[in-house]
Amino acid sequence: METAGGQRGRDGGGPKTSPLDLLMNQIRRKRAASARKPLGRFLSRDRPAVPEAAEETGPTSGVAEAAGGEQDGGWGRVCVFLQKLGKEADGRSLRLSHCDVTATDLLELATLLHLLPRLEELDVSWNELIGGCLPALTSHLQQVGGIRALRLCSCRLNAADVTALGEALCSVPLLEVLDLSWNSGVGGVALQCLLGKAPPRLRELHLVACRLTAADAAALAGTVSAVPGLCVLDLSCNPQLAQEVDAGGFAALASRLPHAAALAALRLQDCGLRPGGLEALGGSLHHLLSLRELDLSCNKSLAGGLKALTPHLAHLTHLESLDLHLCRLTRSDLEALIQVLPSMVGLTQLDVSSNQEAGGVVEQLVAALPLPQMRRLPLNSCSLNRDGFTALALAVPALLSVDVSWCKVVGGRLALLLDALQPSVVLELRLSSCDLTTEDLRHLAAACRRGVLSSLRTLDVSYNGSVGEDGWSALLAAGGLASLQDVDLSLRPLTSAPCSAWLPALLRALPGLPALTRLAAQRWTAGPRDREQLTHSLRKRGVLLEWDVVTASSSEATNQESPEE
């Protein structure tokens, strides 16, 4: 039974309702009349039920306010709808990502938009059940003409959805952020039509993993020319985008980039870039004086072609981040990069990790970098040698993140790196698969006691099976890690070892780890009692524990390298 105020809000005193609204109201009444058990609501799961009891008793928080709000324009309907999705009402921002939103939910949301005249952000990302139904929402976007950010990531959008969105863009002239990433059905004619209608105030365009082609690149060229205020262009994970440079697709896009004078971030990770594409891109770089971030990573066909770009990088004096990881760079590529680094005086982040040849030029790299301002210089999977590791110690004092994972030279020499750290600076330390020894972990424990790692948030010492029990116990008993949020102690796949010797030290250390949110200890084995004790201790604090069950056969496996190595 509903309150009188709630009944008046639905049946009288308000604007005339449509047949669709009447249908949705009937559904809500039927839910309230049920035995206070939430319906399955189609395919959604684990969703909080609408608090029908509050509707009867009246004075409790959200629903009572919602019932009274019906007379003031239906705000109560918005509150009830968001409650069903496990969200709190906010008149300026609707963030419904990962909410199992169904097509019916989307239709109901559309009928509520006229009640949100101040809405500025709408995010329904990661709701794959709404694919093919977007026109139900876009047909009502004129009700929220002041919207500035629209995010529809991973919604299984198809061509009809994109067409409907393109037709509705004219009703949101203030739109600044449009994110359609992770929708593999977006690329094609429909997207090209949408791009031709991009709002003039657009500042960010994200099209990650949308299966874009050279034809889409040509359409993007027109968008870049028509939207001079564009600041962020993210086209990552579209491996066909730059495949046809000579056909005019990517070359056309690259040639129009100078029109985007405000461009601050250009992300082209895994876009199929080849040396020809770099040459086309390089010709426009010296016009991009506002560029702060350039991501060309995971383009494995760049090997031997970076020298076509490096002369133009010297003009990017304000560039702060350059990402070239996993590009199969050759030594000549790296030497060409090193020559222009002194001109890149604004650089704070350089990523050449996962390029095997990088390990042999670290000395020259460090000598060319503006070390006092560097914050990230990952060198994981770089075949780092002894001289390079020694040179890296010179760059470590200012770094916020230190990553030398999969570099075997670190084993037995970790003290050299730790002694160079400045107190309370480094936030992330990754030492996975470094052949660390028991003595290395004792040095790491000593650094903790000195307060060097007091600001550390992430510690990865996984895949170091050669460390003895004393080493793990020393690290866990050291203290000095009050800021630590994420720690990984896992062993390699197909291996296992008992953790009974150091588990008591971990349990005693937990009160000194108030910020901990994740503990990974995969392939460590423990008895039922120890396992239950740790699980219970972490569950009480909401800490995610990653600890798999190891079979007897796996415990006999050898401590072999993973295929990544």
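Residues numbered from 1 in each chain as written. Predicted model: local features only at pLDDT ≥ 70, side-chain atom pairs only at ≥ 80, totals over all residues. Heavy atoms only, no water.

Participant: Any chance you could explain the overall build of the chain here in plain terms?
Facilitator: Helix and strand content of the chain: 21 helices and 18 strands. Once local pairs closer than 6 in sequence are excluded, the contacts in the chain between residues at least 24 apart make up 83%. For the chain, the accessible area works out to roughly 24000 Å², and carbon and sulfur atoms hold 53% of it. (Helix = DSSP H or I, 4+ residues; strand = E, 2+ residues; numbered from the N terminus. Contact = heavy atoms within 4.5 Å. Areas by Shrake-Rupley, 256 points an atom, 1.4 Å probe, with all protein chains shown as cover.)

Participant: Looking at this model, I keep getting lost on the state of the cysteines. Mind explaining?
Facilitator: Covalently bonding the sulfur atom of one cysteine to the sulfur atom of another cysteine gives a disulfide. The tally for this structure, following the rule as stated, stands at 0 disulfides. No disulfide involves Cys407; its nearest neighbouring cysteine sulfur is the one of Cys382, lying 6.0 Å away. (Disulfide = S-S within 2.5 Å.)

Participant: So what exactly am I meant to see when it comes to the sheet that holds strand β16 (residues 518-520) here?
Facilitator: Where strands meet in a sheet, backbone hydrogen bonds hold them as pairs that are either parallel or antiparallel. The strand order across the open sheet formed by 6 strands is β11-β12-β13-β14-β16-β18, and the pairing between neighbours is parallel. Only two strands of the sheet have a single neighbouring strand rather than two, namely β11 (401-403) and β18 (544-546). Each neighbouring strand pair of the sheet contributes to a mean axis angle of 5°, computed without reference to strand direction. In this structure, strand β13 (residues 458-460) lies alongside strand β14 (residues 486-488), joined through 3 bridges in parallel fashion. When the bridges of β14 are listed, Thr458 appears paired with Asp486. (Pairing = 2+ DSSP bridges. Axes fitted to C-alpha atoms, helices over the stretch in contact; angles between N-to-C directions.)

Participant: Looking at this structure, I do not really get the sheet that holds strand β6 (residues 232-234). What am I missing?
Facilitator: Pairing in this open sheet of 10 strands is parallel, and the strands run β1-β2-β3-β4-β5-β6-β7-β8-β9-β10 from one edge to the other. The open sheet is flanked by β1 (93-95) and β10 (349-351), the only strands paired with a single partner. On average, adjacent strands in this sheet sit at an angle of 5° to one another, irrespective of strand direction. Bridging between strand β3 (residues 149-151) and strand β4 (residues 177-179) involves 3 bridges; their strand directions are parallel. Each residue of the ladder has a partner; that of Ala149, found in β4, is Val177.

Participant: Looking at this structure, how should I read the confidence of the model for the chain?
Facilitator: Regions with low pLDDT carry predicted coordinates that are not meant to be interpreted in detail. With 83% of its residues at a pLDDT of 70 or more, the chain shows a mean pLDDT of 86. Every residue in residues 1-17 is under pLDDT 50, and counting partners more than four places away or in other chains gives 23 contacts. Residue range residues 29-71 is modelled with pLDDT below 50. Its contacts to residues more than four positions away, or to other chains, number 66 contacts. (pLDDT = per-residue confidence, 0-100.)

Participant: Explain the side chain of Asn380 to me, please; I cannot follow it from the model alone.
Facilitator: With respect to the element layout, Asn380 can be found in the loop between α15 (362-368) and α16 (386-395). Residue Asn380 is classed as buried on the basis of its relative accessible area of 15%. In this view, Asn380 contacts Ser353, Ser354, Asp403, Val404, Ser405 and Cys407; residues no more than four positions away in its chain are not counted. (Buried < 20%, exposed > 50% of the residue type's maximum accessible area, 1.4 Å probe, protein only.)

Participant: Honestly, unusual backbone geometry in this entry has me stumped. Any pointers?
Facilitator: Excluding glycine, a negative phi dihedral is what most residues carry, and trans is how most peptide bonds are arranged. Positive phi outside glycine occurs at His98, with the angle close to 55°. Tracing the sequence through the fold places His98 in the loop between β1 and α6 (103-112). Positive phi, close to 60°, is recorded for Tyr463, a residue that is not glycine. Note that Tyr463 resides in the loop between β13 and α19 (469-477).

Participant: Even after reading the chapter, I still don't get the pattern of salt bridges, so can you show me in this structure?
Facilitator: Throughout the structure, instances matching the rule amount to 19 salt bridges. The residue Glu428 makes a salt bridge to Arg430 at a minimum N-O spacing of 2.7 Å. On the accessibility criterion, Arg430 (26% relative accessible area) is partly exposed. For Glu546, the salt bridge goes to Arg518, with nearest N and O atoms at 3.0 Å. Of this pair, Glu546 sits in strand β18 while Arg518 sits in strand β16; the two residues are 28 residues apart in sequence, bridging distant segments of the chain. (Salt bridge = Lys/Arg side-chain N within 4 Å of Asp/Glu carboxyl O.)

Participant: Looking at this model, I keep getting lost on the packing of helix α18 (residues 438-449) against α19. Mind explaining?
Facilitator: Axis separation between α18 and α19 bottoms out at 8 Å; the angle between their running directions is 10°. Relative to α19, the element α18 lies roughly parallel. Residue-level inspection shows Thr438, Leu441, Arg442, Leu444, Ala445 and Cys448 of α18 in contact with α19, the latter providing Asp470, Gly471, Trp472, Ala474 and Leu475. For the contact of α18 with α19, the class distribution of residues is 7 nonpolar, 2 polar and 2 charged. (Parallel < 35°, antiparallel > 145°, perpendicular 65-115°, else oblique. Nonpolar A, V, L, I, M, F, W, Y, C, P; charged D, E, K, R; others polar.)

Participant: In this structure, what is going on with the environment of Gly359? I would like to understand it.
Facilitator: When you line up the elements, Gly359 lands in the loop between β10 and α15. Taking the relative accessible area as the measure of exposure, Gly359 reaches 0% and is therefore buried. Sequence-distant contacts of Gly359, that is, excluding residues within four places in its chain, are made with Cys382, Ser383, Leu384 and Asn385.

Participant: Got a minute to help me understand the packing of helix α10 (residues 214-226) against helix α11 (residues 249-256) in this structure?
Facilitator: A packed helix pair is summarised by two numbers, namely the angle formed by the two axes and the spacing between the axes. Across the interface, α10 lies against α11 with an axial gap of 7 Å and an inter-helix angle of 15°. By the angle between their directions, the pair α10 and α11 is classed as roughly parallel. As for the relative orientation of α10 and α11, their crossing is left-handed in sense. Facing α10, whose interface residues are Ala214, Ala217, Ala218, Leu220, Ala221, Gly222, Val224 and Ser225, α11 presents Gly249, Phe250, Ala252, Leu253 and Arg256. Classifying every residue of the contact of α10 with α11 gives 9 nonpolar, 3 polar and 1 charged. (Left-handed = near helix turned anticlockwise from the far one by under 90°.)

Participant: What exactly am I supposed to notice about helix α14 (residues 331-340) here?
Facilitator: Side chains three or four residues apart in an α-helix point the same way, a direct result of the helix having 3.6 residues per turn. Three or more residues of α14 are buried, namely Asp333, Leu334, Ala336, Leu337, Ile338 and Val340. Those residues of α14 hidden inside the fold are in contact with α13 (310-313), β9 (321-323), β10 and α15.

Participant: What is the right way to look at the packing of aromatic side chains in this model?
Facilitator: To describe a pair of aromatic rings, one takes the distance between the centres and the angle between the planes. Taken as a whole, this structure holds 4 aromatic pairs when the rule is applied. Each ring, one from Trp406 and one from Tyr463, has its centre 5.9 Å from the other, and the planes form 90°; the classification is edge-to-face. One end of the pair, Trp406, is in the loop between β11 and α17 (414-420); the other, Tyr463, is in the loop between β13 and α19, and 57 residues separate them in sequence. Given the relative accessible area of 16%, Tyr463 is considered buried. For the pair Trp472 and Trp524, a centre-to-centre distance of 5.8 Å together with 85° between the ring planes defines the contact as edge-to-face. Taken together, the residues Trp472 in helix α19 and Trp524 in strand β17 (residues 524-525) connect sequence positions 52 residues apart. In terms of burial, Trp472 and Trp524 fall into one category: buried. An aromatic cluster of at least three residues, connected via ring pairs, comprises Trp472, Trp502 and Trp524. Across the ring face of Trp547, the terminal group of Arg531 is positioned such that the distance to the ring centre comes to 4.3 Å. (Phe/Tyr/Trp six-rings, centres within 6.5 Å; stacked < 30°, edge-to-face > 60°. Lys NZ or Arg CZ within 6 Å of the ring centre and 35° of its normal.)

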